[in-house]
Amino acid sequence: MTPQEIFRRLYLIRRVEEKIIEVYPSDKIQSPIHLSIGMELGSVAVCGALRPGDAVFGSYRSHAAYLAAGGDLRAFVAELYGKSTGCCKGKGGSMHLAHAGPTASGLMFLGTSAIVGSLIPVATGFAWAQKLKKTGVVTACFFGDGAAEEGCYFEALNFAALHKLPILFVCENNGLAIHTQIEDRQASPLPERAAALGVPSATVADFDETLTSAAGFVAEVRAGEGPMLLEILAPRLKEHVGIGEDWTQ
């Protein structure tokens, strides 16, 4: 990606979500809203490193991932309004986004889910299918630090490492699971637990490091090095659900 394209994607995501904040009090958007404000860079960096044909799975906080992957903006907004022209026919809302066919960037945006961690094993299974079919497709799976406490997370990483699957696990770590701080939930750093399961990882925080690491990790996964975990430290600037300020920060 060029610097201009990086800025364009970041700006688009931020302005769309600022507009959601403006409209939401009118009750025209009936869906619960989980905003990505402050966490845009991870999605832009990873999706920008992928190639047409690669696949993306998200979490319930995936406005940024959907838009960074080239998802249809009109279909996204229609989904929030519950319209039949929405990307999930108006039945999914903010937490259930998908794109039928290739996005404008040529990626497959295969879904998000309101159930914490639920798409981690689904994405792992998809990556296994790609390896068996020898498609060369790389799968990127986004999730939060709270999802890294689910049993399916450990099972998925173990399975992915065992079979050297072409998947990049992307943990967008905002240090919070709803309102509970990470030090009250996890006894060891995320990379240490991933390494114990045979998955190499890195933790990034600043702008250039995030972009460089995302590109490098995607390239290694594509080269057949097996699964990798990219932990991106990103602040959640709004509350867990809704448009208010986050009192936990």
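Residues numbered from 1 in each chain as written. Predicted model: local features only at pLDDT ≥ 70, side-chain atom pairs only at ≥ 80, totals over all residues. Heavy atoms only, no water.

Chemist: What is the right way to read the nonpolar core from this model?
Modeler: Generally speaking, soluble globular proteins have nonpolar side chains that are buried together. In terms of nonpolar packing, the biggest core is built from 43 residues, with I20, V46, Y66, F76, F142, L168 and L230 touching the most fellow members. For this core, the leading source of residues is helix α1 (residues 3–23), giving 6 residues. Here I20 is in contact with I29, I33, L35, H63, F76 and L80, once residues within four sequence places are set aside. A156, L157, A160 and F169 belong to the second largest nonpolar core, which has 23 residues in total. (Core = buried A, V, L, I, M, F, W, Y, C linked by side-chain atoms within 4.5 Å. Buried < 20%, exposed > 50% of the residue type's maximum accessible area, 1.4 Å probe, protein only. Helix = DSSP H or I, 4+ residues; strand = E, 2+ residues; numbered from the N terminus. Contact = heavy atoms within 4.5 Å.)

Chemist: Got a minute to help me understand the packing of α1 against helix α2 (residues 40–49) in this structure?
Modeler: In a packed pair of helices, the relevant descriptors are the angle between the two axes and the axis-to-axis distance. Axis separation between α1 and α2 bottoms out at 10 Å; the angle between their running directions is 135 degrees. Classified by the interaxial angle, the pair formed by α1 and α2 is oblique. Classified by chirality, the crossing of α2 by α1 is right-handed. The residues of α2 that touch α1, namely those facing I6, R9, L10, I13 and R14, are E40, L41, V44, C47 and G48. (Axes fitted to C-alpha atoms, helices over the stretch in contact; angles between N-to-C directions. Parallel < 35°, antiparallel > 145°, perpendicular 65-115°, else oblique. Left-handed = near helix turned anticlockwise from the far one by under 90°.)

Chemist: I'm lost on the pattern of salt bridges in this one. Help?
Modeler: Close approach of charged atoms lets side chains of opposite charge pair. Summed over all chains, the structure comprises 10 salt bridges. Of the charged contacts, one joins E149 and R185 as a salt bridge, the two residues approaching to 2.2 Å between their closest N and O atoms. In this pair, E149 sits in the loop between β3 (139–144) and α6 (151–163) while R185 sits in the loop between β6 (180–181) and α7 (190–196), placing the two residues 36 residues apart along the sequence. The partner of K238 in a salt bridge is E245, with the nearest N and O atoms 2.4 Å apart. (Salt bridge = Lys/Arg side-chain N within 4 Å of Asp/Glu carboxyl O.)

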